[in-house]
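Commentary on secondary and tertiary structure
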Amino acid sequence: MPTKTREQIYRQEVESLLRDISTYQCIKREQWLRLYPGREGKTEQILAYLVNQGRIFYRTDRDTYYCQPKFDHDPEMMAALWVLTDFADKCEYHSTDAYPSKIVFFADGETYEIVYVPWDKETLILHAMRMRYDDDCGKKILIVEEVSQIEKIDLDDAIFCTVDIDTGEVQYYKKE
């Protein structure tokens, strides 16, 4: 019986992790561990293997993996990834999406879109969303930098949140 390599044994997991890093460009170690609940040990082993192979890159000062050796992280994408990790145990599929969305994902039979709303860009983002979406294209999760932005966004049934990109703490809000 021929001996299998680690990559052959873990092919599906390797492909998933490589897909994630090529999709999002950079992912904090803790985000990856949350995206693959119950498989943290295996995930860390595969990440170490991919770093040793030079297929992904790791910066210890940021505890972050990158798709390229000289890549700086996108704080908006990092915030969106933290929101995604809150749904990881229910998530069936996730990927980046066209502006203004950062990430689209499917969970519990629903489509969700994560949109980052920079300070003082509420009107621009709202206009872009109205131009792009019809009323039945899923749930919207809007990341705001400050809670005071919520009152500036007239969008029915949106879920709002703030994200601390360093700790991964997400606070959710619903407009009354």
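Everything below is about the structure printed above this text.
Report on the accompanying structure. (Residues numbered from 1 in each chain as written. Predicted model: local features only at pLDDT ≥ 70, side-chain atom pairs only at ≥ 80, totals over all residues. Heavy atoms only, no water.)

**Describing the sheet that holds strand β4 (residues 91-96)**
Heads up, the condition is: Pairing between two strands requires that DSSP report at least two bridges joining them. Comment: elements are numbered from the N terminus, with helices defined as DSSP H or I runs of at least four residues and strands as E runs of at least two. Interaxial angle, 0 to 180 degrees, is taken between N-to-C directions of lines fitted to C-alpha atoms, where a helix line uses only the stretch in contact. Contact between two residues is taken to exist if any of their heavy atoms lie within 4.5 Å; hydrogens are not considered.
Spatial strand order, β4-β5-β6-β7-β8-β9: six strands in an open sheet with mixed pairing. Two strands in the sheet have a free side with no partner beyond their single neighbour: β4 and β9 (170-174). Averaged over all adjacent pairs, the angle separating strand axes in this sheet is 25°, with direction ignored. Inspection of the sheet shows strand β5 (residues 101-107) paired to strand β6 (residues 110-117) by six bridges, in the antiparallel sense. Residue Phe105 lies in a different strand from β6, and its bridge partner there is Tyr112. Here helix α2 (residues 11-24) sits on the sheet in contact with β4 and β5, set at roughly 35° to β4.

**Describing α2**
Worth spelling out the cut-off: In this analysis, the expected span of each helix is defined as 1.5 Å times one less than the number of residues it contains. When accessible area is computed with a 1.4 Å probe and restricted to protein chains, residues below 20% of their type maximum are described as buried, those above 50% as exposed, and intermediate ones as partly exposed.
The terminal C-alpha atoms of α2, which comprises 14 residues, lie 20 Å apart, in line with the 20 Å expected from a rise of 1.5 Å per residue. Considered for burial, the residues of α2 that qualify are Val14, Leu17, Leu18, Asp20, Ile21, Thr23 and Tyr24. Once α2 finishes, Gln25 follows within two positions and takes phi at roughly 75°, a positive value.

**A word on the environment of Ile141**
Its place among the elements puts Ile141 in strand β7 (residues 139-144). Exposure remark for Ile141: the relative accessible area of 0% places this residue in the buried category. Residues Ile141 and Tyr112 lie 29 residues apart in sequence; the distance between their C-alpha atoms is 7.1 Å. Leave out the neighbours within four places in its chain, and Ile141 touches Val83, Phe87, Phe105, Tyr112, Glu113, Ile114, Val115, Ile159, Cys161 and Tyr172.

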